[in-house]
Amino acid sequence: MIDPNHVILQCPNGHELQAARTDLDKKLECPVCNVTFLPVIEDTSRSGVPAPQPLPLLPRPDRPAYTNWMLGFWIWVPSWLTFFALLSVLFPSLGASGGVSKLPPSVSMLLGSVSCLWLVCIAVVIVMQLMWIFRVHVDAERFGYRVVSPGLALGLSLIPVVNIIWTAYALLRLARFSAEDSGSLRGVKSGASINWARVNLIASLLVLATFLTATYLLNATIEQARLEALQQGVQDNTPEMTAKVKELAGFTPVVFLAPLLISCAGTVVYAFAVRRVEDALYERLRDRDRSPPPQT
């Protein structure tokens, strides 16, 4: 007969050991297999129900190591386009056909190389974004996040246009998850992540609305110029029509500069939101040093 202040339990590997009742809310280590676990014990003296077996503690997750690279690429992509738009505003001759060829050969070669690098960055950042959104949802799901599964999160990120709003919404939900059961200091960080996620959602809506509006106005202007050229006797689908449309539409680099500047600002907001949400999320996951919630 054992001391009533002690109980007999088993480690996750089935080894039987004795523990004091006062230690049942602490992590225990099996002296046989050295596994660390948190016992789940119920009082069986009144219910007569056998105590459930303890579940092993989940390892503390580490945040993705490539987040800074992903955010750096995201900032680089619109910044390079904005840089070219600014060059066209400052040097209008660059906007004409063959304008870049008028630059010194070394400068033209440098701009061409950076442009090729820009295309590579687009492919890399898209892959990294998909990896990141899947990874954080996997880690959050292991510790009780049930809003969106990792597979659905990845699938929605593959839909053009929708993925812009979806990513911002996902950050907001993860920020709210990070704020649950938070302590005082972590609560401040989680509150900041929620605020940044909200600002990012508004910025994403603004960027999307700006580009949709700019695309609509651009197409309407081109169509109006084409109709005017047809009325002047210019044949459609000819080089003369293309030149006439450019002349009548009167495009200037400023038309493209405003959406790009808004996109750059939105990307910076997104980078801050991702960093704040990731900090709050993984701080909570590291604090969740207990067994995973039961599956229903």
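Colleague: Can you help me understand the nonpolar core in this one?
Modeller: The nonpolar side chains of a soluble globular protein tend to be buried with one another. By size, the foremost hydrophobic cluster in this structure holds 32 residues, and its most contacted members are Met70, Trp132, Leu171, Leu174, Val274 and Leu281. If you list the elements that add at least two residues to this core, you get α2 (67-90), α3 (105-142), α5 (162-179), α6 (184-231) and α8 (253-287). By residue number, the principal contributor to this core is α8, which donates 8 residues. Residues within four places of Met70 in sequence aside, it is in contact with Val125, Met128, Gln129, Trp132, Tyr270 and Val274. Residues Val7, Cys11, Leu17 and Val35 belong to the second largest nonpolar core, which totals 10 residues.

Colleague: What should I look at first to understand the layout of surface pockets in this one?
Modeller: With a probe scaled to a water molecule rolled over the atoms, the places where space remains empty come into view. Counted as a void, the largest pocket has a volume near 910 Å³. As for the largest pocket, its lining consists of 29 residues, of which Trp74, Asn163, Ile164, Val207 and Ser263 are closest to the centre. At the level of elements, α2, α3, α5, α6 and α8 are the ones that each hand at least two residues to the lining of the largest pocket. The biggest single contributor to the lining of the largest pocket is α6, with 8 residues. Partitioning the lining of the largest pocket into residue classes produces 19 nonpolar, 10 polar and no charged.

Colleague: Where do I start with the pairing of strand β2 (residues 16-20) in this structure?
Modeller: Along a regular strand, successive side chains alternate from one face of the sheet to the other. For strand β1 (residues 6-10) and β2, the ladder comprises 5 bridges, and the chain directions are antiparallel. Note that in β2 the partner of Gln10 across the bridge is Glu16. Between β1 and β2, which follow one another and run antiparallel, lie 5 residues, and Gly14 among them has a positive phi close to 90 degrees.

Colleague: Looking at this model, I keep getting lost on the packing of aromatic side chains. Mind explaining?
Modeller: Think of a pair of aromatic rings as described by two things: how far the centres are apart, and how the planes are tilted against each other in angle. Across all of its chains, the model carries 6 aromatic pairs by this definition. Ring centres 6.2 Å apart and planes at 40 degrees place the aromatic pair Trp69 and Phe73 in the tilted group. Taken together, the positions of Trp69 and Phe73, both in helix α2 and 4 residues apart, correspond to about one turn of that helix. Ring geometry for Trp166 against Tyr169: centres 6.2 Å apart, planes inclined by 45 degrees, an arrangement best described as tilted. Placement of both Trp166 and Tyr169 in helix α5 is noted, with a separation of 3 residues, approximately one turn of the helix. Given the relative accessible area of 7%, Trp166 is considered buried. Among the aromatic residues, ring-to-ring pairing joins Trp76, Trp80 and Phe83 into one connected group.

Scoring rules and cut-offs
- Sequence order as written defines the numbering, with residues in each chain counted from 1.
- Confidence filtering applies because this is a predicted model: local features only for residues at pLDDT of at least 70, side-chain atom pairs given and counted only at 80 or more, and all residues used for totals across whole chains, interfaces and linings.
- Hydrogens and water molecules were not included; the side-chain quantities draw on all heavy atoms of the structure.
- Definition used in this section: a nonpolar core is a set of buried Ala, Val, Leu, Ile, Met, Phe, Trp, Tyr and Cys residues joined via side-chain atoms within 4.5 Å.
- Burial classes: relative accessible area under 20% of the type maximum marks a residue as buried, over 50% as exposed, and values in between as partly exposed (1.4 Å probe, protein chains only).
- Going along the chain from the N terminus, every DSSP run of H or I of four or more residues is numbered as a helix, and every run of E of two or more is numbered as a strand.
- Pairs of residues are marked as contacts when any of their non-hydrogen atoms sit within 4.5 Å.
- Cavity and pocket criteria rest on a 1 Å grid covering protein atoms alone: a 1.4 Å probe that fits but cannot get out defines a cavity, protein on both sides within 12 Å along at least 5 of 7 lines defines an open pocket, and an atom within 4 Å of a point defines a lining residue.
- Grid points are joined across faces, edges and corners, and a volume is the space filled by probe spheres set on the points.
- Classification convention: Asp, Glu, Lys, Arg as charged; Ala, Val, Leu, Ile, Met, Phe, Trp, Tyr, Cys, Pro as nonpolar; all other residues, Gly among them, as polar.
- Whether two strands pair comes down to DSSP finding at least two bridges between them.
- By convention, a stacked pair of Phe, Tyr or Trp rings (six-membered ring in the case of Trp) has centres within 6.5 Å and planes under 30 degrees apart, an edge-to-face pair has planes over 60 apart, and any other such pair is tilted.

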